[in-house]
Amino acid sequence: MFSFKPFCIALILLSLSTVGMTCIAVATPTPTPPPPAATSPLSTPVPSLTAAPASPTATFGPQVLRFGLPAAPVRLDPALSTDAASALVSAQLYETLVRFVPGTTQIEPALAENWSASPDGLTWEFTLRKGVRFHDGTPLTAKTVVWNFQRWMDPHHPAHHGDFRYWEGMFGSPEEEVGAEGKPQTLVAAVEAPDDQTVRLVLNSPFTPLLHNLALGAFAILSPDGVMAEGAEVYGTPSGPQPVGTGPFRLIGWQEDEVTLAANQDYVAGPPALSQLIFHIIPDASTRFGALESGDIHGMSTPSQADLARANESASIRVIMDPKPTTAFLNFNLDGEFLGNHEVRQAIAHAINKPALVEKAFGPNWLPATQMLPPSLWGYNESIVDYQYNPERARELLDIAELPAEFEVDLWYPDRPRPYLPNPRLTAEMIARDLEAVGIDVTLDTEHWSAYLVDRSQGALPMWLLGWTGYNGDPDSFYFYHFGLPTPREGNYVNVDLRDLLLRGQVIVEPEMREEIYQEAAAMVHEDVPRMFLAHPREPVLLSSRVTGFTPNPAGPETFLNVRLRP
């Protein structure tokens, strides 16, 4: 039988014991057309930011909304954090140059009120909205935006401390400045501030998903003074300085079991309806649901199936299916002694009873996954036939691989539920049983989530469970980060032809051609089996019937700007 190793306790300089997560579910966005071809100029004046509703405090009294999360944020620095709870809280504190229209993947103004591109698609200019101030009172200027770009892209910048994986995944690594053909591999050549209100972005090549990428929370604009107040290495941590953004809420309290935000009374579009937004960290799903039923909280994520059924029958609770494009997967480290063998990975894919796994370990709201991209997004390859559950074929492939009689592998899983893994231990147990049935001995391992992410990033895990949400509504966000940058965190999978294909997808503007590229990419990944795709979720959010104005966001964490409480 498979065995469990003791928990590995990480020594970290954080006062938090958990990390956060938001509700993740399969999205149904309408694909946003790419910008016009580079042969015609793109000039896009856009409407003003939709103002937040006037605060109803005078009518309804103080608007304090309490929302239950299964785990706490790790770091409120969106350029560095990778957990969903950090993204959810950060979305209330910070803003990006452009953002997604609520409920869609279409782009609208945020900190930039309009933008334009040169005919060749290489130079973009963004005009900043006037009157925007950070929470510390300092004004937003083009220089502060340039400072943020330089922090993300320049490893020698004084605030470039940490792993800026989002920047590398979306815009290229600064350490790969010149490719094999002498062409620049980084997308951004320069960022300039011609005047206080204009940001000029110069690219090395046209890039179709640019606006969608800039709308990601990872590229929110932070106050330089706030980041450097006590050193960038501690910014956004519980022990660091107060996070400083331009968003509708500001942070006023951060404890292990509670994060408290207050309305930004100086928000450029007017203060939000809520006077306070409090995130309560309640790891146990049943306890979280009990708090919702009793009115101690007004909303929650990640309910159990039993509690979801009760919520559907309750007159005081609304169930909202939160449409985020997400994929859960089993990743392989191809540098491993056995997992680098193609036949071994194929055998594992045939050995796992995926339909039973999805039904029991994920739930009825989940769909079996055949590829990285969820079926609701354009670029999905409907022609891919999944690896069928076939233990006999799995044994044949293991024989072909000529493995030793006692083939052992460690399978790692998160130490608590994640949005894409509602039952990580059960998922690991079921996979282990299926693998042992074909002759693979499995040891199950887990550790604190923060340590888990570090070990995964450094290539210390041979086989592990994880997931991904592509927040920008473009297939590039699913593919290039994972398969265009061969790194330990993605299993050391190297496919030069696939990388070249994905690079083409970033510059071609014709929708039909781009769709063909991502369908071909899906086929290449399916053949190589660098990971096994498990499931796509439809994750519910439970809200008190008193909550109004909540809009599920298919392109990222929700903001509570327009949310309010009825009496």
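Summary of the structure given here.

Conventions and cut-offs
- Residues numbered from 1 in each chain as written.
- Predicted model: local features only at pLDDT ≥ 70, side-chain atom pairs only at ≥ 80, totals over all residues.
- Heavy atoms only, no water.
- 1 Å grid on protein atoms, 1.4 Å probe; cavity = no way out; pocket = protein on both sides within 12 Å on 5 of 7 lines; lining within 4 Å.
- Points joined across faces, edges and corners; volume = space filled by probe spheres on them.
- Helix = DSSP H or I, 4+ residues; strand = E, 2+ residues; numbered from the N terminus.
- Nonpolar A, V, L, I, M, F, W, Y, C, P; charged D, E, K, R; others polar.
- Core = buried A, V, L, I, M, F, W, Y, C linked by side-chain atoms within 4.5 Å.
- Buried < 20%, exposed > 50% of the residue type's maximum accessible area, 1.4 Å probe, protein only.
- Contact = heavy atoms within 4.5 Å.
- Polar contact = N/O pair within 3.5 Å; in protein donor to acceptor, adjacent residues only side chain to side chain.
- Salt bridge = Lys/Arg side-chain N within 4 Å of Asp/Glu carboxyl O.
- Axes fitted to C-alpha atoms, helices over the stretch in contact; angles between N-to-C directions.
- Parallel < 35°, antiparallel > 145°, perpendicular 65-115°, else oblique.
- Left-handed = near helix turned anticlockwise from the far one by under 90°.
- Pairing = 2+ DSSP bridges.

### Some words on empty space enclosed by the protein
Left-over empty space is what a probe sized like a water molecule reveals as it rolls over the atoms. According to the stated counting rule, one finds four cavities of 30 Å³ or more in the structure shown. When its volume is computed, the second largest cavity comes out at roughly 100 Å³. Those elements giving two or more residues to the lining of the second largest cavity turn out to be α16 (511-528) and β20 (531-536). Here the element with the most residues in the lining of the second largest cavity is β20; it accounts for three residues. Looking at the lining of the second largest cavity residue by residue, the class counts come to seven nonpolar, two polar and three charged.

### Here we look at the nonpolar core
L330 and F560 are the most contacted members of the largest nonpolar core, which totals 155 residues. Per element, the largest residue contribution to this core is seven residues, and it comes from helix α3 (residues 142-153). Apart from residues lying up to four places away in sequence, L330 is in contact with I348, I352, L411, I431, M463, W464, L465, R531, M532 and L534. Counting ten residues, the second largest nonpolar core, distinct from the first, contains F289, A291, L292 and I317.

### Some details on the side chain of T208
Along the chain, T208 turns up in the loop between β9 (198-203) and α5 (210-214). We classify T208 as buried; its relative accessible area is 6%. A distance of 2.7 Å separates the side chain of T208 from the backbone oxygen of I508, its partner in a polar contact.

### Side note on the pattern of salt bridges
Enumeration over the complete set of coordinates arrives at 17 salt bridges. In this structure, D77 engages R151 in a salt bridge whose closest nitrogen and oxygen atoms are separated by 2.6 Å. On the criterion of sequence distance, the pair formed by D77 in the loop between β3 (64-69) and α2 (84-93) and R151 in helix α3 is long-range, its members being 74 residues apart. For the pair D77 and R151, a shared accessibility class is recorded, and that class is buried. For R489, the salt bridge is made with E490, and the minimal N-O distance between the two is 3.9 Å. Bridged by salt links that share partners, the residues D163, R165, R456, R489, E490 and R531 form one connected network.

### Thoughts on the side chain of N148
One can find N148 in helix α3. On the accessibility criterion, N148 (0% relative accessible area) is buried. Every residue in contact with N148, bar those within four places of it in the chain, is listed here: A220, I221 and L222.

### What about the environment of Y493?
For Y493, the position within the fold is in the loop between α14 (476-484) and α15 (496-505). Judged by its relative accessible area of 4%, Y493 is buried. Sequence separation between Y493 and F332 is 161 residues; the distance between their C-alpha atoms is 8.7 Å. Leaving out residues up to four positions away in the same chain, Y493 has contacts with L334, F483, P486, L498, M524, V525, D528 and P530. Among the polar contacts listed, one links the side chain of Y493 to the side chain of N495, at a separation of 3.1 Å.

### Considerations on the packing of helix α7 (residues 285-294) against helix α8 (residues 305-312)
Two quantities define a packed helix pair, namely the angle between the axes and the distance from one axis to the other. Where α7 meets α8, the axes come as close as 10 Å, and the angle between the chain directions of the two elements is 20°. By the angle between their axes, α7 is roughly parallel relative to α8. For α7 against α8, the interelement crossing comes out left-handed. Contacts between α7 and α8 pair A285, S286, F289 and E293 from the former with D307, R310 and A311 from the latter. Considering only residue class, the contact of α7 with α8 consists of three nonpolar, one polar and three charged.

### Structural notes on the sheet that holds strand β11 (residues 258-263)
One open sheet holds the seven strands; their spatial order is β10-β11-β12-β3-β13-β21-β14, and the pairing between them is mixed. Each end of this open sheet is capped by a strand with a single partner; those strands are β10 (249-255) and β14 (317-322). In this sheet, adjacent strand axes meet at a mean angle of 20° when their direction is disregarded. α8 contacts β14 and β21 (539-544) of the sheet and is inclined by roughly 120° relative to β14.

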